[in-house]
Amino acid sequence: MRHTESAQLWADVRHWRRSRRTLALGEALQDLYIGVFAVLMLGSMLVSVLVNLSESGDRACVAADCAAARALLPWLVVGLLLAVLWSLARMVGPVAVSPGMASWLLPSPVDRGELLRGRARGAALLASGVVAPVAAGAATLAGFGIETLVVFTACAAGVASYGVGLLAHAQAAPRTAHPACLLGPLSLVAVAAGLAAIAVSRAPEVTPSDELRWTWLVATVAAWVGVAVVLVRAGAVTARLRRRDVAPGGVLVPGRGGALATLDLALMFDVLVAHDASRRGAVRPRRGGPHGVAALVWRDVIRLRRHPGRAALLVGSLVVPYAVAAVGGRVVVVLVEVLVCFVLVVPLLTALRVLTRSAGMARMLPFGWGATRAAAIVVPGVLLVGHGLLSAAALHRTLDLPAGELVLLGAAAGLGGLAAGVRWVTGRPPDYARPLVSTPAGGVPTNLYGSVLRGFDIAVLTALPMLLAPTGAGAAASVLVSAAVLAHLCARRENST
Amino acid sequence: MTQAVLSVRGLTRSFGVHRVLEDLDLDVAAGAAAVLVGPNGAGKSTALRCITGADQADAGTVEVLGESLDERSATIRAAVAVVMDDLDFFPDLTVVEHLDLFARAHRTPDAEAVVDEVLDEVGLTAQSGQLPVSLSSGQRRRLALASAFVRPRRLLVLDEPEQRLDQEGLEWLVSRLRAEKQAGLAVLLASHSPVLVEAVADDVVRLARPA
């Protein structure tokens, strides 16, 4: 049987779309002009800020530890970005199709390789497009020379694209662990190792120096040759993709896009959690445990056993406050610790999220609202306070305080992170039923913009007493603020209840 | 005379100028079932939401076991099992872990055996290790109903429990609700299913769509 011509199919799709367009060419060009102008203006402002910061860094960062850490900064930034990018790529596909395409085009007798190869190539090139400006910015901040900056940026972009290409191979592989799936975790481990090196004042010399320039050039060329191979072989790889490999990612993208469009980040988190659950499908159930409210707490212990990566991430993140302390962060270590705890506690609060977003589950449990929510933060709270206590030694490096006060500061930082995380998870979504503010982008709910800063406000609020008075008294004040925030958020009843 | 487990008097609820529910009176005794019937928009779900405290009525009183309804009261929440359409499952807990949680949270004696029995009854034993997102909508409905049966209860409140159930599921539901009544429990449900109404209702309350 003859395959349908993919090019003809795309031509039909294009024709169909054109016949239903609602935007005139002039209007589209006008939008394009505004977009290009905004990017150029904001981009030039950003470049100017980065250059100024870099010059300030040249003057201020003269100590050996600081200089070594600064040279390592682009590696850490790019490593972290690659870890996030590759993890997202793996979550989405990286090759994904819309539900419509999965329903109508994939079952048709069209050459699947030809149909999907553009998506594989697009995903690989998009990765380099995302990584290149970030790598260039980080290299500028680190004070790299222009030639070094170009080589570093090109190499980072090539590695990013190549990694996404490998993940497309992994997507087409049978359902077994493919080595490319380890790219994200390995990148994260490399970042943790870099931070640990800074923390113990043994940051390696990794700037692409003049002597090593050829090595760097060869590495960059090798990365891009790999990208070229990936792009050329995209058709053969995507021809092996099954519908079940590409359809779930396509469902995920519009869900996340919708959540992002309304800046409802918690909803975006829900979409990711649901996607992860649907990928797992089934797990080994664990039964038993205590009765009463402790049963709810015990479920968080089960979750932790089921997702050991979350605990490992928490342990690995301990290097962050130590690295900040090693480069002379002083009291800033406290703020960094609160922020680290805030970011890492969110995946541990899935139970609280479910109990908050609708009343159905909470209504099934025989406890008051406050007790139910409080039970859902016991395990995350214990972990974060433990994290804070273990970071106390980092504070000792920068603050000359008795051990008791350091411990209190550490615990207060962990509790502050918990309060910020609970605030983020229990935040109310943008309410389009309320009066809207008129903007060029249309009607905007008053609580829309605030949702981006949600959680960070409480992180700063709880860290502030410790930043102003890095003593036991400041820590006690921070604990009181965190306790008040947690009590309020746990007791607050949602409209839907 | 048997004391009413649930007693509702003069329940009224409006949304703006639109009155959805007006002066609803209702009693449900132990071992009896009352069923709210009526077309879409007649206020069945609103009535159940007000009766269970999920929504605030504009006027009227609701008493459960002689106590004025405050659904924050642990005593009332322990006595009333409610399955509405908004039950949101934990995405990372399996079918059996959900039931285990409800049973243990309510201190059900011999929780593990009760959970196994109910799981078998609703036909989800084979799915016990599955996460809720991987269940079909009918299986999710069965899980929601099962969650009400693994815990001690005096009053059972169900909102259109027949939704998304197949014929076999509906037959199971009828027999289960009859068994609940025989065990002396009070049942209140809203339903569109004539089969269910015919089989379990002792008292049918007809609600009309407001003019």
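Keep in mind that what you see is a predicted model, and the values were worked out from it rather than measured.

Chemist: So what about helix α14 (residues 319–326) of chain A? Which residues, and what values?
Modeler: All names here are of chain A. Burial runs high along α14: six of the eight residues are buried. Every buried residue of α14 is accounted for by Val319, Pro321, Ala323, Val324, Ala325 and Ala326. Residues of α14 that are buried sit in contact with α3 (64–92), α7 (183–199), α13 (308–316), α15 (332–345) and α20 (392–398). Note on α14: the residue one or two positions beyond its end, Gly328, has a positive phi of about 85°.

Chemist: Could you give me a rundown of the pattern of salt bridges, with the residues and numbers involved?
Modeler: As enumerated under the stated definition, the model contains 21 salt bridges over all chains in all. Notably, a salt bridge pairs A:Arg423 with A:Asp457, separated by 3.1 Å at the nearest N-O pair. Of the two residues, A:Arg423 is situated in helix α21 (residues 403–425) and A:Asp457 in helix α23 (residues 456–468); the sequence distance between them amounts to 34 residues. Since its relative accessible area comes to 22%, A:Arg423 is described here as partly exposed. Here B:Arg176 and B:Glu121 are joined by a salt bridge, their closest N and O atoms 2.8 Å apart. Of this pair, B:Arg176 sits in helix α6 (residues 167–182) while B:Glu121 sits in helix α4 (residues 111–121); the two residues are 55 residues apart in sequence, bridging distant segments of the chain. Exposure remark for B:Arg176: the relative accessible area of 12% places this residue in the buried category.

Chemist: I'd like a description of the sheet that holds strand β5 (residues 67–68) of chain B, backed by residues and values.
Modeler: Residues and elements named next belong to chain B. If you walk across this open sheet you meet the four strands as β2-β1-β4-β5, and the pairing is antiparallel. Edge positions in the sheet fall to β2 (18–29) and β5, since each of these pairs with one other strand and no more. As judged from the eight bridges shared by strand β1 (residues 4–15) and β2, these two strands associate in the antiparallel manner. Bridge pairing in β2 places Arg13 opposite Leu21. Strand contacts of helix α1 (residues 44–51): β1, β2 and β4 (59–64), with the helix running at about 120° to β1, the strand carrying the most contacts.

Chemist: Outline the environment of B:Pro109, supporting the account with residue identities and numerical values.
Modeler: All names here are of chain B. Mapped onto the fold, Pro109 is located in the loop between α3 (95–105) and α4. Given the relative accessible area of 62%, Pro109 is considered exposed. Separated by 42 residues in sequence, Pro109 and Glu67 place their C-alpha atoms 25 Å apart.

Chemist: Break down the interface of chain B and chain A for me, with residues and values.
Modeler: Facing 43 residues of chain B, the contacting portion of chain A comprises 44 residues. Sorting the residues of chain B by area buried against chain A places B:Arg77, B:Phe90 and B:Arg104 first, and these three jointly supply 18% of that buried surface. Scanning the region where chain B abuts chain A turns up five salt bridges. Residues A:Arg303 and B:Asp92 are paired through a salt bridge, measuring 3.0 Å at the closest nitrogen-oxygen approach. On inspection of chain B and its partner chain A, the count reaches 16 residue pairs in polar contact (both at pLDDT 80 or more). Secondary-structure elements contributing two or more residues to the side of chain B that touches chain A are α2 (74–79), α3, α4 and α5 (137–149) of chain B. Split into classes, the residues belonging to the side of chain B that touches chain A amount to 19 nonpolar, 10 polar and 14 charged.

Each value, and the rule that gives it
- Residues numbered from 1 in each chain as written.
- Chains lettered and ligands numbered in written order.
- Predicted model: local features only at pLDDT ≥ 70, side-chain atom pairs only at ≥ 80, totals over all residues.
- Heavy atoms only, no water.
- Buried < 20%, exposed > 50% of the residue type's maximum accessible area, 1.4 Å probe, protein only.
- Helix = DSSP H or I, 4+ residues; strand = E, 2+ residues; numbered from the N terminus.
- Contact = heavy atoms within 4.5 Å.
- Salt bridge = Lys/Arg side-chain N within 4 Å of Asp/Glu carboxyl O.
- Pairing = 2+ DSSP bridges.
- Axes fitted to C-alpha atoms, helices over the stretch in contact; angles between N-to-C directions.
- Buried area = accessible area lost by both parts, 1.4 Å probe.
- Polar contact = N/O pair within 3.5 Å; in protein donor to acceptor, adjacent residues only side chain to side chain.
- Nonpolar A, V, L, I, M, F, W, Y, C, P; charged D, E, K, R; others polar.

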